[in-house]
Amino acid sequence: MLINLVVNGIDAVRAGGSVALTARRVNDAGRPRIAILVTDTGPGIPPDLLPRIFEPFFTTKSEGGTGRGLAICRDIVRAHEGQIQVDSKVGTATTFTIQLPEAGRDAR
Ligand SMILES: Nc1ncnc2c1ncn2[C@@H]1O[C@H](COP(=O)(O)OP(=O)(O)O)[C@@H](O)[C@H]1O
Ligand SMILES: [Mg+2]
């Protein structure tokens, strides 16, 4: 899942930029969660495309895109009772945030 997101980030910053990974503990209405953020400084995702990026086989890549990566990420996250969301500002940055239950607590 993380490889999919990092490779998407690297694809996005092909012309230069950075991809950063951050992890932190968060509290979601009293439930301890782990948040993992993958941020890139690429071109961003136009708002009209945002609702489609998790669809299987949706890709904007003319070469080497399968459009399967984010659909698989979403399936993996859901299988672990997590959530994935995206924030993107065209021309600035894109951040995918994954939230997962903290292992050993509600992850049983
Ligand atoms: N970090 C990103 N920056 C800009 N666009 C992105 C990013 N991640 C995903 N996308 C968009 O979402 C589409 C679907 O991504 P994905 O499911 O991983 O398929 P693929 O990488 O094979 O195109 C990409 O083609 C691209 O348009
Ligand atoms: Mg991909």
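Residues numbered from 1 in each chain as written. Chains lettered and ligands numbered in written order. Predicted model: local features only at pLDDT ≥ 70, side-chain atom pairs only at ≥ 80, totals over all residues. Heavy atoms only, no water.

> Is there a simple way to explain the packing of helix α1 (residues 2-12) against helix α2 (residues 69-79) in this structure?
Two elements in contact, α1 and α2, have axes separated by 9 Å at closest approach and are oriented at 145 degrees. When you trace α1 past α2, the crossing you get is left-handed. The residues of α2 that touch α1, namely those facing N4, L5 and N8, are G69, L70, I72 and C73. In terms of residue class, the contact of α1 with α2 is made up of four nonpolar, three polar and no charged. (Axes fitted to C-alpha atoms, helices over the stretch in contact; angles between N-to-C directions. Helix = DSSP H or I, 4+ residues; strand = E, 2+ residues; numbered from the N terminus. Left-handed = near helix turned anticlockwise from the far one by under 90°. Contact = heavy atoms within 4.5 Å. Nonpolar A, V, L, I, M, F, W, Y, C, P; charged D, E, K, R; others polar.)

> Just checking my understanding: could you explain the site of ligand 1 for this structure?
Around ligand 1, 17 residues are found, and the nearest of them are D40, T59, T60, K61 and T66. T59 is positioned such that a nitrogen or oxygen atom in its side chain is 2.6 Å from an oxygen atom of ligand 1. Between ligand 1 and T66 there is a distance of 2.8 Å, counted from an oxygen atom to a backbone nitrogen or oxygen. Burial of ligand 1 by the protein chains amounts to 92% of its free accessible area of 540 Å². Classifying every residue of the shell around ligand 1 by side-chain character gives six nonpolar, eight polar and three charged. (Near = heavy atom within 4 Å. Polar contact = N/O pair within 3.5 Å; in protein donor to acceptor, adjacent residues only side chain to side chain. Areas by Shrake-Rupley, 256 points an atom, 1.4 Å probe, with all protein chains shown as cover.)

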